[in-house]
Amino acid sequence: MIDLYTDATPNGWKVSIMLEEIGMPYTTHHVDIMSGAQKEEWFVKLCPNGRIPVIVDRDNDDLAIFETGAIMLYLAKKSGQLMPLDDKGESWVIQWLMFQMAGIGPMMGQSNVFYRYFPEKIPAAIDRYHNECRRLYEVLDRQLEGRDYLCDDYSLADIANWCWVRIYFWGGTNIDGLDNLKAWMDRLEARPACQRGIAVPHVVDFAQMEADLEKDDSGIRSLVTK
Ligand SMILES: N[C@@H](CCC(=O)N[C@@H](CS)C(=O)NCC(=O)O)C(=O)O
């Protein structure tokens, strides 16, 4: 049995979707990052980085794993799913996973910060991250030319990238004209496991979140200005 410590964010969804896709039983524990639960001592013992998500594998000496890339690779190995078995196929999927870990995730994260959360609006910073996100979306769009999934067959690389790209609107970068990317997003959106995974630990209503932030953004402010 896997214990999943998570919140309703792109990095959290990557793991809940993966668990749903491979059909591995898990128990969800909600770590409310707005209230700072991820910085509490018990959590930092599991995740030295103080960020969600983390899994604990109760069937493997309570092994705790942080960093979503590492978690996804562990679950792929444990289940024998969502990762090709041959060296070339495996390397291909790892490359697109790393593209998400090192590019899509950090750049979209900063775009969210400077476009939406940061108290001061700094146009040069906003432009910088919009341009970089657009460039990365174009890379994905080109990779998807003539393909249904990033590495031909559906894999953990699709899950990792989709969890972020599906909320492109939140960071304010458009995906106009990126038709391969849009068709791929629809393909993932239609998967029952993706739908179940994005509802963990609860469904996010972005319109409501925007309204809530207008009323009180002190929680997110303290996260992005520390
Ligand atoms: N590279 C990490 C990133 C984890 C991460 O940034 N998690 C965010 C939520 S998406 C978080 O816990 N934020 C809370 C904070 O910054 O204190 C991973 O892939 O696991």
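Definitions and limits used
- Residues numbered from 1 in each chain as written.
- Predicted model: local features only at pLDDT ≥ 70, side-chain atom pairs only at ≥ 80, totals over all residues.
- Axes fitted to C-alpha atoms, helices over the stretch in contact; angles between N-to-C directions.
- Helix = DSSP H or I, 4+ residues; strand = E, 2+ residues; numbered from the N terminus.
- Parallel < 35°, antiparallel > 145°, perpendicular 65-115°, else oblique.
- Contact = placed C-beta atoms within 7 Å.
- Nonpolar A, V, L, I, M, F, W, Y, C, P; charged D, E, K, R; others polar.
- Domains from an automatic or database assignment.
- Near = placed C-beta within 6 Å.
- Buried ≥ 20, exposed ≤ 12 C-beta atoms within 10 Å, placed from the backbone.

Packing of helix H1 (residues 10-22) against helix H3 (residues 68-79) leaves a shortest axis separation of 10 Å and a crossing angle of 5°. On the basis of their axis angle, the class for H1 and H3 is roughly parallel. Across the interface between the two elements, Asn11, Lys14, Val15, Met18, Leu19 and Ile22 from H1 touch Thr68, Ile71, Met72, Leu75 and Ser79 from H3. A breakdown of the residues in the contact of H1 with H3 according to their chemical character gives seven nonpolar, three polar and one charged.

With that settled, the discussion passes to the domain arrangement of the protein. One frequent convention defines the size of an interface as the accessible area lost when the parts assemble. Here the domain parsing of the protein yields domain 1 (2-81 + 201-225) and domain 2 (87-190). Centre-to-centre, using C-alpha coordinates, domain 1 lies 19 Å away from domain 2. Taken together, the 14 residues of domain 1 in the interface contact 13 residues of domain 2. When contributions to the side of domain 1 that touches domain 2 are tallied by element, the ones reaching two or more residues are H1, H3 and helix H11 (218-225).

Neighbouring residues of the ligand: Thr9, Pro10, Asn11, Ile33, Gln38, Arg51, Ile52, Glu67, Thr68 and Leu223. Residues of the shell around the ligand, tallied by class, amount to four nonpolar, four polar and two charged.

A word on unusual backbone geometry. Looking along the chain, the bond that leaves Ile52 and enters Pro53 is cis, with omega of 0°. Assignment of secondary structure puts Pro53 in the loop between helix H2 (41-46) and strand E3 (54-57). That bond from Val200 to Pro201 is cis: its omega, -5°, falls within 30 degrees of zero. Tracing the chain through its elements places Pro201 in the loop between helix H9 (192-197) and helix H10 (206-215). Of note in this structure, Glu67 is not a glycine but carries a positive phi near 75°. Structurally, Glu67 can be placed in the loop between strand E4 (63-66) and H3. Phi angles above zero are rare outside glycine, and Asp152 is one such case at about 70°. Here Asp152 is to be found in the loop between helix H5 (123-143) and helix H6 (156-165). Residue classification places Asp152 among the partly exposed positions, given that 13 C-beta atoms sit within 10 Å.

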